[in-house]
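The residues making up each chain are set out below.
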Amino acid sequence: MNSTAGIHRARYSIRGNRLVLICLGLLLSIAALSIVGTLVSPHSVGKIAFDQNFIGPTLDGGHWFGTDDLGRDLFVRTLKGTQITFFVAIVATMVSLVIGVSYGALAGYVGGKTDAIMMRAVDALYAMPFVFFVILLMVVFERSLTLMFVAIGAINWLDTARIVRGQTISLKQRAFVDAARLDGVSNIAIIVRHIAPNLLGIVVVYVTLTIPQIVLFESFLSFLGLGVQEPQTSLGALVSEGAARMERAPWMLLFPASFLALILLSLNFLGDGLRDVFDPKSNKT
Amino acid sequence: MSLLTVNGLTVAYPNSKNPAVQDLSFEIEAGESVGIVGESGAGKSQTALAIMGLLPGNALIQGSITLAGNEIVGASRATLQKVRARNISMIFQDPATALNPYVKVGHQLKVILLEHGLVARKDAKQKCIELLERVELPDPQRQYHAYPHQLSGGMRQRVLIAAALVGEPDLIVADEPTTALDVTVQAQILNLLTELRHKSNTALLMITHDLALISQNCERVLVMDHGKLVEEGRCDAVFSKPAHPHTARLLASVSRIDAPAPAHGATEDSKPVLEVSQLGVTFRSRKRGERFVAVQPLDLSIAAGESLAIVGESGSGKTSLARAIAGLLPNMSGTMTFFDQPLAGHVEARPKTIRRQLRMVFQEPLSSLNPAMRVSQIIAEPLSVHAGTGDWATVAARVSDMLQRVGLRPRLANRYPHELSGGQAQRVAIARALVLEPGLLICDEALSALDGTVRREIITLLKAEQQRTQLSLLIITHDLGVVREICDRVIVMHEGRVCEHGSNEAIFSRAQHPYTKALLAAVPTMAMMAN
């Protein structure tokens, strides 16, 4: 079950969809730059040099994006921040996917009372003020990346579970599921082999729309000072610092903010394009 | 001058190699009725849409279509709008989807009247009710305020016909107007259409895959194959002496209720495979306490190698019965015995030895195949579930053997369902059902979605399997022609009850029950067809 009809279809039409290709290329080059750039630059993330603070973007001395108020190199910090942002987004998405897809598929497939109880639990969780909840977590426990993944993933899986459940219910009524039951396929195997692969299309699209949400949420937490801890940094934290020094050193806002904007735009367009690609009605091969 | 002249019409799409319609020319005189017949993909519907000026924007159209002096190809929206309703109108295939579910049917008619300025606003309602009266809709005053879901399929199709008649058009294009309807309703609708046409001298272009319908309702017929017109002429001439081999093939594929009955598949001393006693199905409505009895308690049995048909119209409970026997409906009552063992009502409660003996083929081939699995995986799945099937190579060998038995090339094994045609997909579904060498195969309208020639091939395939393995068939269908051709015994169901039960010969030549008689009388037959 490595390849599925969805991916099969996608392979044909991604080629024809220029927007998707451009966004994908852009994201990959930003990711590559963030890794290569930190290796190439002579500076390190945490090194403070008070005598070199507030240097504007320059080619001399390797401060290509300038330095911040503590004399740290902004080029390295921006790229490190990008890495962390990507990392948080991908891991948190994975967390939300694993929980959401299995929870939603199970509730949808079993149906009846189980479904009702499981989904009311989701409703109850929805009712909790999550930002407050996350802030509380961050304050009580040590601030750590792991905690951040857990917190963000814990919010996002609720949406995933709802979407997946709805899809599962409509898939469950298709004749191929009846056929599998007559074949004697076990319920777990029906979910894994027959339901899950057919959810792929909608899940992939949903993921590309979730990642920007998570990136934004992480930035928001960092902006509040609850995100990653110094000397590590994320794009959100950098934007927050940059915003504070905007008048004295506009480049401190400009570079991280453009990276963040570029990533978010690409992801949103990618999600939009993928929605067309995975819509079975939009193309027939 | 002809009412409609189609000259050298070619319709092509940028992404497909072959044009959907190729160099098509024909004419329709005022008041004439012409049928277009062909299999799916023959270009029938594309022709209808071209005449209506409804082809999608990416269609490349060549040639000319002249309707009452107006050129349709390349016409502006305004011209088309003027021609539609007054000169030409269309009856769509599925009345359930052609009507807007959120708007009252009377209002949908009124909109058309007002849009074309055919009547003053204050008279519109009265005019609509008159139209509904003309199509013999019962109680038009009340139905004017009904939503489409409150009407039956036949009543909805009457509303669509009323909508088509709004502007007193010269030509009505009917694209498979009765395919979604039961056979008795079909007969009523077609009678109505003919009657209305004769009153107002309206021409008809009817598109269908059913040759018998054309022979009964049309004067001339056009036979299309792969976008090309292969034969044209008067119905009696074409059907009695087909000149083109494709026409002959289409004619040969028609299942006729006046065909000779088949030889009995089961012998006198054949053991019963399935015995059902007092089986009933009741659905509980969402509203508390309300019950709906889909199947009244009934008995039936099938012997080894026998084919039993369950015939009925929609709502007769035949599909519920089939699903109950398959174990897919937990809300059933009664007892079942299968190969002398008690058969649990729920499929999950049945042991594997029973599951591999009792298999089912579903109506819609495409929805019964998992779109994410390859053909080989689909056929191999039952093998892998019922353990002891051996290693990968053995499974692969059995899969390719099975593919050959159902008449598919082995290289199709790597395809996905959406890359198959309807007929191929149904063969795959049958292969999946037969790969475990079952004792009983339930076919729930398994042949209904297929073209005539494909259906013919599948019938032959099922018969061959029956000969080879003493397979018993339980065939659920509304198609009496198919029943006549392959079934030994027939059960006729109506509103959850068995009306009549007898041998093929008894039902078709000595029907007792009035419902059976009505059903048989409603089946369109091809009287003029040569043997």
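Rules behind the numbers
Residues numbered from 1 in each chain as written. Chains lettered and ligands numbered in written order. Predicted model: local features only at pLDDT ≥ 70, side-chain atom pairs only at ≥ 80, totals over all residues. Heavy atoms only, no water. Helix = DSSP H or I, 4+ residues; strand = E, 2+ residues; numbered from the N terminus. Buried < 20%, exposed > 50% of the residue type's maximum accessible area, 1.4 Å probe, protein only. Contact = heavy atoms within 4.5 Å. Areas by Shrake-Rupley, 256 points an atom, 1.4 Å probe, with all protein chains shown as cover. Lys, Arg positive; Asp, Glu negative; His and termini not counted. Charge placed at Lys NZ, Arg CZ, Asp CG, Glu CD. Buried area = accessible area lost by both parts, 1.4 Å probe. Salt bridge = Lys/Arg side-chain N within 4 Å of Asp/Glu carboxyl O. Polar contact = N/O pair within 3.5 Å; in protein donor to acceptor, adjacent residues only side chain to side chain. Axes fitted to C-alpha atoms, helices over the stretch in contact; angles between N-to-C directions. Parallel < 35°, antiparallel > 145°, perpendicular 65-115°, else oblique. Left-handed = near helix turned anticlockwise from the far one by under 90°. Nonpolar A, V, L, I, M, F, W, Y, C, P; charged D, E, K, R; others polar. pLDDT = per-residue confidence, 0-100. 1 Å grid on protein atoms, 1.4 Å probe; cavity = no way out; pocket = protein on both sides within 12 Å on 5 of 7 lines; lining within 4 Å. Points joined across faces, edges and corners; volume = space filled by probe spheres on them. Pairing = 2+ DSSP bridges. Phe/Tyr/Trp six-rings, centres within 6.5 Å; stacked < 30°, edge-to-face > 60°. Patch = residues over 30% accessible without salt bridge, like charges linked within 9 Å, V, L, I, M, F, W, Y side chains within 5 Å.

Observations concerning the overall build of chain A
Helix and strand counts for chain A come out as ten helices and zero strands. The helix and strand sequence of chain A, counted from the amino end, reads α-α-α-α-α-α-α-α-α-α. C-alpha atoms of chain A, sized along the principal axes, occupy 75 × 45 × 25 Å. Residues classed as buried in chain A amount to 50% of the 285 residues present. Summarising the internal contacts of chain A: among those between residues at least 6 apart in sequence, 72% fall at separations of at least 24. By element, 68% of the accessible surface of chain A is carried by carbon and sulfur atoms, the whole surface being about 13500 Å². The positive charge centre, built from 22 side chains, and the negative charge centre, built from 18, are 12 Å apart in chain A.

Describing the interface of chain B and chain A
Chain B puts 27 residues into the contact, and the matching count from chain A is 22 residues. Between chain B and chain A, the buried area comes to about 2300 Å², and carbon and sulfur atoms account for 50% of it. Contact with chain A buries surface across chain B, with Ala372(B), Glu381(B) and His418(B) losing the most and accounting together for 21% of the total. Counting every contact that joins chain B to chain A gives four salt bridges. Measuring nitrogen to oxygen at the nearest pair gives 3.0 Å for the salt bridge that ties Arg193(A) to Glu381(B). Put simply, chain B and chain A have eleven residue pairs in polar contact (both at pLDDT 80 or more) between them. Every element with two or more residues in the side of chain B that touches chain A is listed here: α12 (318–326), β16 (358–361) and α14 (375–385) of chain B.

Things to note about the pattern of salt bridges
Going through the model one piece at a time under the given rule, you end up with 26 salt bridges over all chains. Between Arg323(B) and Asp178(A) there is a salt bridge whose closest N-O contact spans 2.8 Å. With one member in each of two chains, Arg323(B) in helix α12 and Asp178(A) in helix α7 (residues 175–183) form a pair that bridges those chains. Since its relative accessible area comes to 22%, Arg323(B) is described here as partly exposed.

Remarks on unusual backbone geometry
All names here are of chain B. Its identity is not glycine, yet Phe 339 carries a phi of approximately 50°, on the positive side. Relative to the helices and strands, Phe 339 is located in the loop between β14 (332–338) and β15 (341–342). The phi dihedral of Asp 340 is positive, around 65°, even though this residue is not glycine.

Looking at the environment of Ala49(A)
Residue and element names in this part refer to chain A. With respect to the helices, strands and loops of the structure, Ala 49 is situated in the loop between α2 (18–40) and α3 (74–110). For Ala 49, a relative accessible area of 13% gives the class buried. For Ala 49 and Ala 105, which are 56 residues apart along the polypeptide, the C-alpha to C-alpha distance reads 54 Å.

Re the packing of helix α16 (residues 422–434) of chain B against helix α17 (residues 452–469) of chain B
When two helices pack together, their arrangement is given by the angle between the helix axes and the distance between those axes. All names here are of chain B. Axis separation between α16 and α17 bottoms out at 10 Å; the angle between their running directions is 15°. For the element pair α16 / α17, the angle class is roughly parallel. Considering only the axes of α16 and α17, their crossing is right-handed. Two secondary-structure elements touch here, α16 through Gly 423, Arg 427, Ile 430 and Leu 434 and α17 through Val 454, Glu 457, Ile 458, Leu 461, Leu 462 and Glu 465. When the residues that make up the contact of α16 with α17 are grouped by side-chain class, the tally is six nonpolar, one polar and three charged.

So, the confidence of the model for chain A
Parts of the prediction with low pLDDT should not have their coordinates interpreted in detail. Residue and element names in this part refer to chain A. On average, residues of chain A score 81 in pLDDT, and 91% of them are at 70 or above. Taken element by element, chain A is modelled with least confidence in helix α1 (residues 5–16), mean pLDDT 52, and with most confidence in helix α4 (residues 112–126), mean pLDDT 92. Note on residues 1–6: pLDDT under 50 across the span, and 17 contacts to partners over four residues away in sequence or across chains. Contacts of residues 280–285 to residues separated by more than four positions or lying in other chains number eight contacts, the stretch itself having pLDDT below 50.

Notes on the layout of surface pockets
All names here are of chain B. Volume-wise, the second largest pocket comes out at about 530 Å³. Lining the second largest pocket are 22 residues, with Met 90, Phe 92, Ile 112, Ala 163 and Ala 164 sitting closest to its centre. Where the lining of the second largest pocket is concerned, the elements lending two or more residues are β6 (88–91), α4 (105–115) and α7 (153–165). For the lining of the second largest pocket, a count of residues per class yields 15 nonpolar, six polar and one charged.

As for the sheet that holds strand β19 (residues 489–494) of chain B
Residues and elements named next belong to chain B. The strand order across the open sheet formed by six strands is β16-β17-β18-β13-β19-β20, and the pairing between neighbours is mixed. Because the sheet does not close on itself, it has two edges, and the strands there are β16 and β20 (497–503). Direction aside, the axes of adjacent strands within the sheet are offset by 15° on average. Here strand β17 (residues 440–444) runs beside strand β18 (residues 472–477); their pairing, made up of five bridges, is parallel. Its bridge partner being in β18, Cys 443 is matched across the sheet by Ile 475. The sheet contacts of α16 involve β16 and β17, and relative to β16 the element is tilted by about 175°.

Quick look at the confidence of the model for chain B
Per-residue confidence for chain B averages 87 on the pLDDT scale, and 96% of its residues sit at or above 70. Interface confidence for the predicted complex, expressed as ipTM, amounts to 0.75; the pTM equals 0.78.

Focus: the sheet that holds strand β11 (residues 272–284) of chain B
Residues and elements named next belong to chain B. One open sheet accounts for four strands, arranged β12-β11-β14-β15; its pairing is antiparallel. At either end of the open sheet lies a strand with only one pairing partner, and these are β12 (291–303) and β15. Pairing between β11 and β14: six bridges, direction antiparallel. Among the inter-strand pairings, Leu 274 is bridged to a residue of β14, identified as Phe 338.

Examining the environment of Ser266(A)
Residues and elements named next belong to chain A. Among the structural elements, Ser 266 can be located in helix α10 (residues 251–278). Accessibility expressed as a relative area gives 3% for Ser 266, which makes it buried. Sequence spacing of Ser 266 and Leu 19 is 247 residues, and the spatial spacing of their C-alpha atoms is 9.2 Å. Apart from residues no more than four positions distant in its own chain, Ser 266 is found in contact with Cys 23, Leu 26 and Leu 27.

A look at the packing of aromatic side chains
Throughout the structure, instances matching the rule amount to seven aromatic pairs over all chains. Pairing Phe338(B) with Phe339(B) gives two aromatic rings, centres 5.0 Å apart and planes at 70°, and the pair type is edge-to-face. Judged by its relative accessible area of 1%, Phe338(B) falls in the buried class. According to the relative accessible area criterion, Phe339(B) is partly exposed, its value standing at 33%. Joined through ring pairs, the aromatic side chains of Trp64(A), Phe65(A), Phe75(A), Phe255(A) and Phe259(A) make up one cluster.

Description of the packing of helix α8 (residues 187–223) of chain A against helix α9 (residues 235–244) of chain A
All names here are of chain A. Packing of α8 against α9 brings their axes to within 7 Å, and their N-to-C directions diverge by 45°. By the angle between their directions, the pair α8 and α9 is classed as oblique. Between α8 and α9 lies a crossing of right-handed hand. Every residue of α9 that contacts α8 at Glu 218, Ser 219, Ser 222 and Phe 223 is listed here: Gly 236, Ala 237 and Ser 240.

What about a nonpolar patch on the surface?
A grouping of Phe132(A), Leu136(A), Val139(A), Val140(A) and Phe141(A) is seen on the molecular surface, where their side chains present a nonpolar patch of about 540 Å² in accessible area. Its place among the elements puts Leu136(A) in helix α5 (residues 130–140).

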